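# An overview of the molecular structure
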Amino acid sequence: MQYTEIMVRYGELSTKGHNKKSFIDRLGDNVRHALHSFDQVKVHAQRDRLHVELNGADYDQVMDRLKLVFGIQNFSPSIRVEKSFDATAKAAAQMIEEQVDHPITFKVETRRSDHHFELDTFGMNNQLGGYLLAKFPDKLKVDVHHPDLTLRVEIRLNGIYLSSETIKGAGGMPVGTAGKGMMMMSGGIDSPVAAYLAMKRGVSLEMVHFYSPPYTSPQALAKAQQLTERLAKYSGNIRFIQVPFAEIQETVKEKVPEGYLMTVQRRMMLRLAAALMVKRHGLAIFNGESLGQVASQTMESMLAINDVTTYPVLRPVLSYDKTEIIKIAEQIGTYDLSILPYEDCCTVFTPPSPKTRPSVERARKYEQRLDIDGLMKRSLDGIKITNIHPGEDFLNQNEDVFAELL
Ligand code: ATP
Ligand code: MG
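Conventions used here
Sequence order sets the numbering: in each chain, residues are counted from 1 along the sequence as written. Here chains are named by letter from A upward and ligands by number from 1 upward, in the order in which they appear as written. For a predicted model such as this one, the threshold for reporting local features is a pLDDT of at least 70, and the threshold for listing and counting side-chain atom pairs is 80 or more; totals across whole chains, interfaces and linings nevertheless cover every residue. Heavy atoms throughout the structure, all of them, feed into the side-chain values; hydrogens and water do not. Three labels apply to residues, based on accessible area from a 1.4 Å probe with only protein chains included: buried if under 20% of the type maximum, exposed if over 50%, partly exposed otherwise in between. By definition, any uninterrupted DSSP run of H or I lasting at least four residues is a helix, any uninterrupted run of E lasting at least two residues is a strand, and each is numbered from the N terminus. Criterion used throughout: strands pair if DSSP finds at least two bridges between them. For crossovers, right-handed means that the path from the first strand over the helix to the second runs clockwise, given strands pointing away from the viewer. Nearness here has a simple test: a residue counts as near a molecule or strand if at least one of its heavy atoms is within 4 Å of that partner. Distance and chemistry together define a polar contact, namely a pair of N or O atoms within 3.5 Å, with one atom able to donate a hydrogen and the other to accept it when in protein, and with adjacent residues in sequence counting only for side-chain atoms on both sides. Here the accessible surface of atoms and residues is derived via Shrake-Rupley with a 1.4 Å probe, and residues count as covered only by protein chains that are part of the display. By the convention adopted, Pro, Cys, Tyr, Trp, Phe, Met, Ile, Leu, Val and Ala count as nonpolar, Lys, Arg, Asp and Glu as charged, and the other residues, Gly among them, as polar. Throughout this description, the term salt bridge denotes a Lys or Arg side-chain nitrogen within 4 Å of a carboxyl oxygen of Asp or Glu.

Where burial is concerned, most of strand S11 (residues 203-211) is hidden: 8 out of the 9 residues are buried. Two strands pair when backbone bridges link them, and strand S10 (residues 179-184) and S11 are joined in this way by 6 bridges, in the parallel orientation. Within S11, the residue paired with Gly181 across the bridge is Leu205. Crossover connection from S10 via helix H5 (residues 190-200) to parallel S11: handedness right-handed. Sheet topology note: the S11/strand S12 (residues 238-244) ladder contains 6 bridges and is parallel. For Phe210, the partnering residue across the bridge sits in S12 and is Val243. Running through helix H6 (residues 218-235), the crossover from S11 to the neighbouring parallel element S12 is right-handed.

Contacts to ligand 1 come from 22 residues, most closely from Met184, Ser186, Asp190, Ser191 and Gln293. Arg266 places a side-chain nitrogen or oxygen 2.9 Å from an oxygen atom of ligand 1. Contact with the protein chains hides 90% of the accessible area of ligand 1, taken as 570 Å² for the molecule alone. The leading source of residues in the shell around ligand 1 is S11, at 3 residues. Taken together, the residues that form the shell around ligand 1 break down as 9 nonpolar, 9 polar and 4 charged.

A few words now on the pattern of salt bridges. Within the structure shown, the criterion is met by 25 salt bridges. A salt bridge links Arg152 to Glu109; the shortest N-O distance between them is 3.7 Å. Note that Arg152 is positioned in strand S7 (residues 149-156) and Glu109 in strand S5 (residues 104-112), a separation of 43 residues in sequence. For Arg152, a relative accessible area of 26% puts it in the partly exposed group.

Structure (structure tokens):
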């Protein structure tokens, strides 16, 4: 079947009252962005539907991209015919011919925005249904309640659109409609999943990644970048901010008792993320903490770490079990990368037995031994910001370098 357009139905955003227009405009931009490599495709974001005009583009490839765009409830590949019953009947018969190879039940469901068309919805349902039944007596039977196939007919001003398939979209809200957040992105399993879930609710993320050369390898950095690349498929380009953390870790290790190394390092990370958030006009910080998963993720720990900022620290996977997080990681294509063995900055400086119930007062007291402002300034002066695009390669491009290191 040579489809002429993909008809896209909106999700939750249709209920958003006066925000609706900005949601639709944003979704239109996001879809255009996701499809920008198809030169001939045109995207029209209208009030009730979004129409992707294919102009000959491969509809399977276009639909694969659409499946990743948040804010889409579902979509249907459609064919446009001239506005006459005969043209509609001919195209519908061709669809049945191609798609149905054994007896099924069906119904015709018509919507009409052009009220001048000769048939109303009832008339079209009846006439087209009758025509198809007569043409395919061995294949088709009508079932208006639970049909195997629903043939959708939309009578619009510029033509009649026919579709028979409805494909589930990614759901959620268009990325960008919720504002900007700073994602604390490690190379682990949890933070990429947290990032995905935040984006799904419309947050446009900038990644903040702490790295500690020479204690951590170039592969650890490349892994975090590659994970960001995987996530960029869902949102378009993502800013990646790499923040040098070695001096802070060395200093903390030297000055703070072992039981508080982890707590104080995390406090420094959060301070830096908060500083970047303010500078870059973000509205919240996101991380991949899950309650009770490890020592730094008890509520006592969160209290002691969160003490350094009053900005919202949002934790999309807080209540998820590890198995649930892994399942999502597999679905979104980050798991295979996350389990690569390259250690990030935290693992390297993790003490054997961090306190699971650190006290806020002690953390504050030990920190008095540090020049917090100086450490932060030097780290922030050393940040590097890049823009990561879908399709970019970080891990393989460095293979030769890695081979030499071995
Ligand atoms: P993850 O799988 O996301 O690494 P985790 O269970 O391994 O999580 P931790 O390593 O304790 O947990 O980290 C908790 C959270 O702190 C991470 O989810 C992430 O948001 C943040 N974080 C940890 N390491 C880094 C890092 N190197 N750069 C940026 N953020 C980090
Ligand atoms: Mg980790």
